[in-house]
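Here's the letter readout for the chains.
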Amino acid sequence: MKTPYYLLEERLLRRNLSLIKYVAEESGAEVILAFKAFALWRTFPIFREYISHTTASSPYEARLAMEEFGSPAHTYSPAYTEVDFPTILACSGHVTFNSLSQLLRFRPMVEAYNREHPEKRVSCGLRVNPEYSEIETELYNPCAPGSRFGVLAEELSTFNFQLSTIEGFHCHNHCESSAEALQESLKHLEAKFGQWLPQLKWLNLGGGHLMTRRDYNVDLLIHIIKELRARYPNLQIVLEPGSAFAWQTGPLVASVVDIVENHGIRTAILDVSFTCHMPDCLEMPYQPAVRGALSMVNGESTNGKWIYRLGGNSCLSGDFMGLWQFDHELQIGEEVIFEDMIHYTTVKTTMFNGIHHPSIVLERCDGTREVLRQFRYEDYRDRMC
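This section reports on the structure supplied with the text. All figures in this text were calculated on a predicted structure; none of them were measured in a lab.

Digging into the pairing of strand β18 (residues 369-373)
No. 1: Two elements, strand β17 (residues 359-363) and β18, share four bridges in a ladder whose sense is antiparallel. In the strand pairing of β18, L362 is matched with E370.
No. 2: What sits between β17 and β18 in their antiparallel hairpin is a turn of five residues, with G367 showing a positive phi close to 95°.

Encoded structure:
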């Protein structure tokens with residue numbers, strides 16, 4: 001196939017979905033898909049065989065949940081506006097507010113909507129900040145000092161808090177984290193907010209639960225949730241991971257366009273861009289795996305001579321990544337395959353520099369391939385008005 005393209009493998013996707021469904025059934029929690037990590041709506045018929053709901057953070061995502069997934073979203077946003085909020089209400093079953101001021105500002109609109117549409121009643125929640133996270137990268141830590149996310153326990157204690165206004169708490173403080181991290185997080189969450197939990201109907205523990213990772217302790221996760229539900233039988237527990245659904249379900253396939261050398265550094269220029277198609281590689285930075293190549297993260301010496309830096313095809317000077325050792329000399333036109341590139345990358349791509357998105361290809365369980373989307377000049381032109 002013409003590169004570049006994302007290749008989503010249905011067999012691997014169903015493997016993840018089966019495990020997620022197992023966790024939900026065994027623990028009694030509901031596990032829902034976070035669109036911020038994966039939103040390829042053409043694959044939603046597969047997802048609906050395993051899960052019932054999704055989570056949104058904007059009017060567009062909320063509409064995608066209702067119109068394409070077929071069920072109201074669990075919606076959270078750092079800030080809603082009066083212009084967008086009617087769409088949020090119409091497309092959501094749960095709406096979580098980030099602050100007390102947002103709660104007070106939009107409570108009348110929620111109450112009016114629920115009176116007018118009792119059959120589509122919206123349950124309101126409040127995001128809380130446990131002031132604890134094991135995320136080491138500051139860019140991804142929602143509980144860092146000064147965070148804009150969630151209400152602190154001391155703020156809630158001094159507020160004339162009316163539980164009749166809300167029915168749930170939302171807490172998100174993980175990123176590709178372990179079950180052990182969740183176990184520790186709950187200690188801090190209950191210590192700070194436990195006095196209110198017996199009066200609520202649901203508790204959303206957010207995303208970052210990487211239960212489909214090979215070394216993840218799934219049995220411990222199930223045990224943790226069962227114990228939590230035993231302590232608070234009034235609570236419906238919700239998990240909304242993003243990466244876990246599409247974790248290791250397919251690569252990004254690129255090709256070598258040119259090879260240049262400068263001061264002894266050979267760069268293989270590809271027909272993809274790190275800044276356009278793999279932004280986490282530059283933001284975090286996250287070091288991707290390249291099929292058939294050894295990553296030289298520490299720049300260690302090697303006896304192999306086929307060492308290349310991989311460069312993107314945008315004009316950004318820093319659009320390159322690392323050094324990789326190959327077992328042969330790269331040739332122009334040869335494929336370079338970045339592993340595990342379905343989650344987050346497919347929703348973060350940009351057309352900076354007019355570089356088109358990689359095509360999106362679904363490989364069915366029987367080995368046949370279906371091109372879900374190819375991008376053209378008109379896609380770029382229409383984005384630019």
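Quick notes on the packing of aromatic side chains
No. 1: Under the criterion given, the structure shown has 15 aromatic pairs.
No. 2: Ring geometry for F193 against W196: centres 6.1 Å apart, planes inclined by 45°, an arrangement best described as tilted. For the pair formed by F193 and W196, the shared burial category is buried.
No. 3: Geometrically, the ring pair formed by F274 and F338 is edge-to-face, given 5.8 Å between the ring centres and 85° between the ring planes. Within this pair, whereas F274 is found in helix α10 (residues 274-277), its partner F338 is found in strand β16 (residues 335-338), the two being separated by 64 residues in sequence. When sorted by exposure, F274 lands in the same class as F338, which is buried.

Section: the state of the cysteines
The term disulfide refers to a covalent linkage connecting the sulfur atoms of a pair of cysteines.
No. 1: Tallying each qualifying case throughout the model produces zero disulfides.
No. 2: Here C175 stays unpaired: no disulfide links it, and the sulfur of C143, its closest cysteine neighbor, is 12 Å away.
No. 3: With no disulfide partner, C315 has as its closest neighbouring cysteine sulfur the one in C276, 9.9 Å distant.
No. 4: Judged by relative accessible area, which is 68%, C315 ranks as exposed.

Focus on the pattern of salt bridges
No. 1: Summed over the entire model, instances satisfying the criterion amount to 21 salt bridges.
No. 2: The salt bridge involving R14 is made with E49; its shortest N-O contact spans 2.9 Å. Linking R14 in helix α1 (residues 10-27) with E49 in the loop between α2 (44-47) and β4 (54-56), this pair joins segments that are 35 residues apart in sequence.
No. 3: Residue classification places R14 among the buried residues on the basis of a relative accessible area of 19%.
No. 4: When salt bridges that share partners are traced, they join E10, R14, R42, E49, R364 and E370 into one network.

With respect to helix α8 (residues 218-231)
No. 1: For α8, which comprises 14 residues, the first-to-last C-alpha distance of 20 Å matches the rise-based estimate of 20 Å (1.5 Å per residue) to within 8%.
No. 2: Among all positions of α8, only V218, L220, L221, I222, I224, I225 and L228 are buried.
No. 3: On its buried face, α8 is in contact with α1, α7 (179-193), β9 (202-204) and β10 (236-239).

Quick word on unusual backbone geometry
No. 1: For the bond running from T3 to P4, omega is 0°, close enough to zero to count as cis.
No. 2: Relative to the helices and strands, P4 resides in the segment before β1 (5-9).
No. 3: The phi torsion at Q248 lies on the positive side, around 55°, for a residue other than glycine.
No. 4: Following the sequence through the fold, Q248 ends up in the loop between α9 (243-246) and β11 (252-262).
No. 5: A positive phi angle, close to 70°, is found at Y344, a residue other than glycine.
No. 6: With respect to the helices, strands and loops of the structure, Y344 is situated in the loop between β16 and α12 (345-348).

Some words on the sheet that holds β10
No. 1: The strand order β2-β10-β9-β8-β7-β6-β5-β4-β3 describes an open sheet built from nine strands, whose pairing is parallel. In this open sheet, the two strands that pair with only one neighbour each are β2 (30-31) and β3 (33-34).
No. 2: Bridge analysis of strand β5 (residues 73-76) against strand β6 (residues 92-97) gives four bridges, and the strand direction is parallel. Its bridge partner lying in β6, Y76 is registered against T96.
No. 3: Here α8 sits on the sheet and contacts β9 and β10; the angle it forms with β10, its principal contact strand, is near 150°.

Observations concerning the environment of A29
No. 1: Along the chain, A29 falls in the loop between α1 and β2.
No. 2: Residue A29 is classed as buried on the basis of its relative accessible area of 7%.
No. 3: In sequence terms A29 and E116 are 87 residues apart; their C-alpha atoms lie 30 Å from each other.

About the thresholds
- Residues numbered from 1 in each chain as written.
- Predicted model: local features only at pLDDT ≥ 70, side-chain atom pairs only at ≥ 80, totals over all residues.
- Heavy atoms only, no water.
- Pairing = 2+ DSSP bridges.
- Helix = DSSP H or I, 4+ residues; strand = E, 2+ residues; numbered from the N terminus.
- Phe/Tyr/Trp six-rings, centres within 6.5 Å; stacked < 30°, edge-to-face > 60°.
- Buried < 20%, exposed > 50% of the residue type's maximum accessible area, 1.4 Å probe, protein only.
- Disulfide = S-S within 2.5 Å.
- Salt bridge = Lys/Arg side-chain N within 4 Å of Asp/Glu carboxyl O.
- Expected span 1.5 Å × (residues − 1).
- Contact = heavy atoms within 4.5 Å.
- Axes fitted to C-alpha atoms, helices over the stretch in contact; angles between N-to-C directions.

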